[in-house]
Amino acid sequence: MSEHLTPVIIVGARGRMGRTLIREVTQSEELVLTGAVDRSGGPGRGMDAGQVAGTVDIGVTVTDDLRPRRAVVVDFSLPGATVGNIQRCVEAGVPLVLGTTGIDSQAREALAAAAKTIPIVSDANFSVGIALLSRLAGLAARALGQSWDAEILEIHHKHKRDAPSGTALRLGKAVAKATDRKLADHLCSERSGSAGEPRKEGEIGIVALRGGDSAGEHTLMFLAEGERIELTHRASDRAIFARGALRAARWVESRKPGLYSMADVLGLADLH
Ligand code: NAD
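Residues numbered from 1 in each chain as written. Predicted model: local features only at pLDDT ≥ 70, side-chain atom pairs only at ≥ 80, totals over all residues. Heavy atoms only, no water.

Chemist: Run through the overall build of the protein, naming residues and quoting values.
Modeler: Across its full length, the protein holds 9 helices and 12 strands. Expected size for 272 residues packed as a compact globule is a radius of gyration near 19 Å; at 20 Å, the protein falls within 12% of this value. Its C-alpha atoms give the protein principal-axis dimensions of roughly 60 × 40 × 35 Å. Considering the protein as a whole, with its 272 residues, one finds that 47% of them fall into the buried category. A separation threshold of at least 6 residues defines the contact pool for the protein, and within that pool the share at least 24 residues apart is 70%. Surface summary for the protein: the accessible area is close to 13,800 Å², and the carbon and sulfur share equals 49%. For the protein, the separation between the mean place of its 34 positive charges and that of its 33 negative charges on side chains is 3 Å. (Helix = DSSP H or I, 4+ residues; strand = E, 2+ residues; numbered from the N terminus. Rg over C-alpha atoms; globule rule 2.2 N^0.38 Å. Buried < 20%, exposed > 50% of the residue type's maximum accessible area, 1.4 Å probe, protein only. Contact = heavy atoms within 4.5 Å. Areas by Shrake-Rupley, 256 points an atom, 1.4 Å probe, with all protein chains shown as cover. Lys, Arg positive; Asp, Glu negative; His and termini not counted. Charge placed at Lys NZ, Arg CZ, Asp CG, Glu CD.)

Chemist: I'd like a description of the nonpolar core, backed by residues and values.
Modeler: By size, the foremost hydrophobic cluster in this structure holds 38 residues, and its most contacted members are Val8, Leu21, Leu33, Val74, Val97, Val121 and Phe126. Mapped by element, the contributors of at least two residues to this core are strand S1 (6–11), helix H1 (16–27), strand S2 (31–37), helix H2 (49–52), strand S4 (72–75), helix H8 (239–252) and helix H9 (262–266). If you tally residues by element for this core, the top one is H8, at 8 residues. In contact with valine 74, other than residues within four places in its own chain, are Val8, Ile9, Ile10, Val11, Leu21, Val97, Ala245, Leu246 and Ala249. (Core = buried A, V, L, I, M, F, W, Y, C linked by side-chain atoms within 4.5 Å.)

Chemist: Pulling in residues and values, what's your account of unusual backbone geometry?
Modeler: The step from alanine 163 to proline 164 runs through a cis peptide bond, and the omega angle for that step is -5°. With respect to the helices and strands, proline 164 occurs in the loop between strand S7 (149–156) and helix H6 (166–178). For arginine 70, which is not a glycine, the phi torsion comes out positive at approximately 40°. By secondary structure assignment, the location of arginine 70 is in the loop between strand S3 (62–63) and S4. Within the chain, aspartate 180 stands out as a residue other than glycine whose phi angle is a positive 55°. In this fold, aspartate 180 is placed in the loop between H6 and helix H7 (183–186).

Chemist: Mind laying out H6, listing which residues take part and the relevant values?
Modeler: Over its 13 residues, H6 runs 18 Å from end to end, which matches the ideal 18 Å to within 8%, given 1.5 Å per residue. Taken as a whole, H6 has its buried residues at Gly166, Thr167, Ala168, Leu171, Gly172, Ala174, Val175, Ala176 and Ala178. Along its buried surface, H6 packs onto helix H5 (128–144), S7, H7, strand S9 (204–210) and strand S10 (217–224). At the exit of H6 stands aspartate 180, carrying a positive phi of roughly 55°. (Expected span 1.5 Å × (residues − 1).)

Chemist: So, the site of the ligand: which residues are in play, and what are the values?
Modeler: Of all residues adjacent to the ligand, which total 22 residues, the nearest are Arg16, Met17, Asp38, Thr101 and Phe126. Glycine 15 places a main-chain nitrogen or oxygen 3.1 Å from an oxygen atom of the ligand. Between the ligand and the protein, one listed contact pairs an oxygen atom with a side-chain N or O atom of arginine 39 at 3.1 Å. Burial of the ligand by the protein chains amounts to 83% of its free accessible area of 860 Å². Tallied by class, the residues present in the shell around the ligand amount to 8 nonpolar, 7 polar and 7 charged. (Near = heavy atom within 4 Å. Polar contact = N/O pair within 3.5 Å; in protein donor to acceptor, adjacent residues only side chain to side chain. Nonpolar A, V, L, I, M, F, W, Y, C, P; charged D, E, K, R; others polar.)

Chemist: For the side chain of glutamate 24, give the residues involved together with the corresponding values.
Modeler: Turning to its location among the elements, glutamate 24 is positioned in helix H1. Judged by its relative accessible area of 15%, glutamate 24 is buried. Not counting residues within four places of it along the chain, the set of residues in contact with glutamate 24 comprises Ala239, Ala242, Arg243 and Leu246.

Structure representation (structure tokens):
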């Protein structure tokens, strides 16, 4: 049993990820749940967080008001909540682990500004495997060069709201950066309607499929004349994201202010 328990507050507690996070915290010997927050209305408000997550009562009630105090906030809610949640963390001076994807430029700016005063780990994918795949994407792209066509295929469950996934975009950025390109200038995520037009040189394609209950699959392909490389990561259980985020919560608790990623948590940031 660890001597120090990291107190965590989960935002988005009633959601798929929120419930998984609650279950993982209750099973952890290193963390303790001190708060659970979700939006106003809907079922679950006022209920015990354990009941919401389908476990035993844990004595923490789900509220609709984030007022953090001496805890790490772990936010897996929806993009509309991000800026407000960042502000609450800054006001309280508490660390933040942000897993919400599809956030806009205003939220990204708020994140960068907040990181001057509090430590934040923000990542579109908290799995250990994806952190490594992102590094491999850059290494492979640099070794192969632009003459190999890069294409990314991602699959997620039918409830996912943003497309393409934040992870697919990150893989695309890693490929672009390693080959001195900007993803925004080379991204192609829509090919219908351009019949007869061949693939543009230097294009980085991303295709998003939605359906069923897939927790997330990403394949990065490098295609050349006569050969193809495929790097695939398949998530079969969303608990991997929760475990990664909670590992980040432990790690960020004692960090200096700054904006970190899962690669920093895992010590992969300097892998070249
Ligand atoms: P979900 O729709 O099941 O849950 C979202 C929850 O957030 C809901 O309970 C909703 O009521 C709540 N919410 C909405 N507005 C809120 C507010 N203002 N304050 C507090 N709570 C609010 O979605 P999900 O599948 O659990 O995913 C949540 C987010 O996490 C999404 O952005 C998803 O893409 C992202 N995600 C990230 C990773 C990662 O590794 N970074 C992995 C999986 C999912």
